[in-house]
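Architecture at a glance
Below, each chain spelled out in residue letters.
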Amino acid sequence: MTYQKTNRKGILLCLLDIITMGIFFVFYMKEVREEIGSFGKKKGMPYWVAYLLGLITFLIVPLVWFSNRADAIREKAEELNLDIKKTSFDHAYLWSFFGAFIIVGPFIATKRFFDTLNAVEKALNEPVEELPSPAEEEKPEEEETDTIKEITNKEKAGETPSVPKPERDPRIPKVSFDPKYAGVGAKTWTVKVDGRVHFFYRQSEAIAFAQRVAREHGVNVVVKGKKD
């Protein structure tokens, strides 16, 4: 999925929502909910339902809806290893509720909500390329000679020669499909790097994360498994 709107202005959107007494977000959040649902765990209820419930709950339900979506964005940003400002359920809720008493609170919450959403969608829009596995490092001449002699001796003895595999650089991100996590809505793609394992829902997300890490270390990416 390609995200078209990655430059949303949170302060302007918040101002429009306040001017229209919340009606603006009833229509605008439909698209935002679909986008967050495309990379998050679940979409949640439609915003217009939350808005109607807010009329009898003193706006608590739409505030919780907004905070839950903020937390879904935060989770994806962390998976993509993005350097972002604070975005979470607590941050969105506290700034929107208690920050309203100093007027600027909802503007801060909405700005950071859309700033983080913009960053996540820009990262997911990055072109994905399946990079070749890095070439094996050349061994010193003496080691190569020793290996050739060992293989020759084993061949003479009638044994099947075995060549030791070079150790893989732990900084090289390895993207692979893990069938034991397979299932609807499950994180079946993994990226192994620096002794840690990161989990993703889609291959494209895993490769995008791996490419950013690889650029930091100046290495390539190893991709194994099926396509999306």
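Use the structure listed above.
Notes on the structure in this doc start here. No experiment lies behind these values; they were computed from the predicted model shown.

What counts and what doesn't
- Residues numbered from 1 in each chain as written.
- Predicted model: local features only at pLDDT ≥ 70, side-chain atom pairs only at ≥ 80, totals over all residues.
- Heavy atoms only, no water.
- Helix = DSSP H or I, 4+ residues; strand = E, 2+ residues; numbered from the N terminus.
- Buried < 20%, exposed > 50% of the residue type's maximum accessible area, 1.4 Å probe, protein only.
- Phe/Tyr/Trp six-rings, centres within 6.5 Å; stacked < 30°, edge-to-face > 60°.
- Lys NZ or Arg CZ within 6 Å of the ring centre and 35° of its normal.
- Axes fitted to C-alpha atoms, helices over the stretch in contact; angles between N-to-C directions.
- Parallel < 35°, antiparallel > 145°, perpendicular 65-115°, else oblique.
- Left-handed = near helix turned anticlockwise from the far one by under 90°.
- Contact = heavy atoms within 4.5 Å.
- Arc of directions from axis to C-beta.
- Polar contact = N/O pair within 3.5 Å; in protein donor to acceptor, adjacent residues only side chain to side chain.
- Pairing = 2+ DSSP bridges.
- Nonpolar A, V, L, I, M, F, W, Y, C, P; charged D, E, K, R; others polar.
- Salt bridge = Lys/Arg side-chain N within 4 Å of Asp/Glu carboxyl O.

1. Concerning the environment of Arg196
Locating Arg196 in the fold gives a position in strand β3 (residues 196-200). The class for Arg196 is exposed, based on a relative accessible area of 56%. Arg196 sits 26 residues away from Pro170 along the chain, and the two C-alpha atoms are 9.5 Å apart.

2. Side note on the packing of aromatic side chains
Within this structure, the stated rule accounts for 12 aromatic pairs. Ring geometry for Phe24 versus Phe25: centroids 5.8 Å apart, planes at 35°, classification tilted. Owing to a relative accessible area of 6%, Phe25 belongs among the buried residues under this scheme. Relative to Phe97, the ring of Tyr93 has its centre 6.0 Å away and its plane inclined at 20°; by these criteria the two rings are stacked. In this pair, Tyr93 and Phe97 both sit in helix α5 (residues 89-97), four residues apart, roughly one turn of the helix. The class of Phe97 is partly exposed, set by a relative accessible area of 34%. A cation over a ring is seen here: Arg69 above Trp65, with NZ or CZ 5.2 Å from the ring centre.

3. Re the packing of helix α2 (residues 23-39) against helix α6 (residues 105-125)
Direction vectors running N to C along α2 and α6 enclose 45°, while the axes themselves pass 12 Å from each other. When the interaxial angle is binned, α2 and α6 end up oblique. Our pair here, α2 against α6, has a crossing hand that is left-handed. Contacts between α2 and α6 involve Phe25, Tyr28, Met29, Val32, Glu35, Ile36 and Phe39 on the former and, on the latter, Thr110, Phe113, Phe114, Leu117, Val120, Glu121 and Leu124.

4. Details of α5
Within α5, the full set of buried residues consists of His91, Ala92 and Ser96. One side of α5 holds all its buried residues, which, seen down the axis, span an arc of 110°. Where α5 is buried, its residues touch α4 (60-79) and α6. Where α5 begins, the capping side chain belongs to Ser88, and its oxygen is found 3.2 Å from the backbone nitrogen of His91.

5. Examining the side chain of Glu79
Within the secondary structure, Glu79 is located in helix α4. Polar contacts involving the side chain of Glu79 include one to the side chain of Lys76, which spans 2.9 Å.

6. Details of the pairing of β3
Inspection of the sheet shows strand β2 (residues 189-193) paired to β3 by five bridges, in the antiparallel sense. Opposite Val191, over in β3, you have His198 as the bridge partner. What sits between β2 and β3 in their antiparallel hairpin is a turn of two residues, with Asp194 showing a positive phi close to 55°.

7. Observations concerning the packing of α4 against α5
Orientation of α4 relative to α5, taken along the N-to-C sense of each, is 145°, at an axis distance of 7 Å. Here α4 and α5 pass one another in a crossing that is right-handed. Along the contact surface, α4 presents Ile60, Leu63, Val64, Phe66, Ser67, Asn68, Ala70 and Asp71, while α5 presents Phe89, Ala92, Tyr93, Ser96 and Phe97. Residue composition of the contact of α4 with α5, by class: nine nonpolar, three polar and one charged.

8. Brief notes about the pattern of salt bridges
When the charged atoms of two side chains with opposite charge come close together, those side chains can pair. In this structure the tally under the stated criterion is eight salt bridges. Linking Lys5 and Glu31 is a salt bridge whose minimum nitrogen-to-oxygen distance equals 3.1 Å. Residue Lys5 is found in the segment before α1 (10-19), and its partner Glu31 is found in helix α2; the two are separated by 26 residues along the sequence. For Lys5, a relative accessible area of 39% gives the class partly exposed. Lys76 is the partner of Glu79 in a salt bridge, and the nearest nitrogen-oxygen pair spans 2.9 Å.

9. Observations regarding the sheet that holds strand β1 (residues 174-177)
Pairing in this open sheet of four strands is mixed, and the strands run β3-β2-β1-β4 from one edge to the other. With partners counted over all chains shown, the strands left at the sheet margins are β3 and β4 (222-223), one partner each. The sheet contacts of helix α8 (residues 203-217) involve β1, β2, β3 and β4, and relative to β2 the element is tilted by about 15°.

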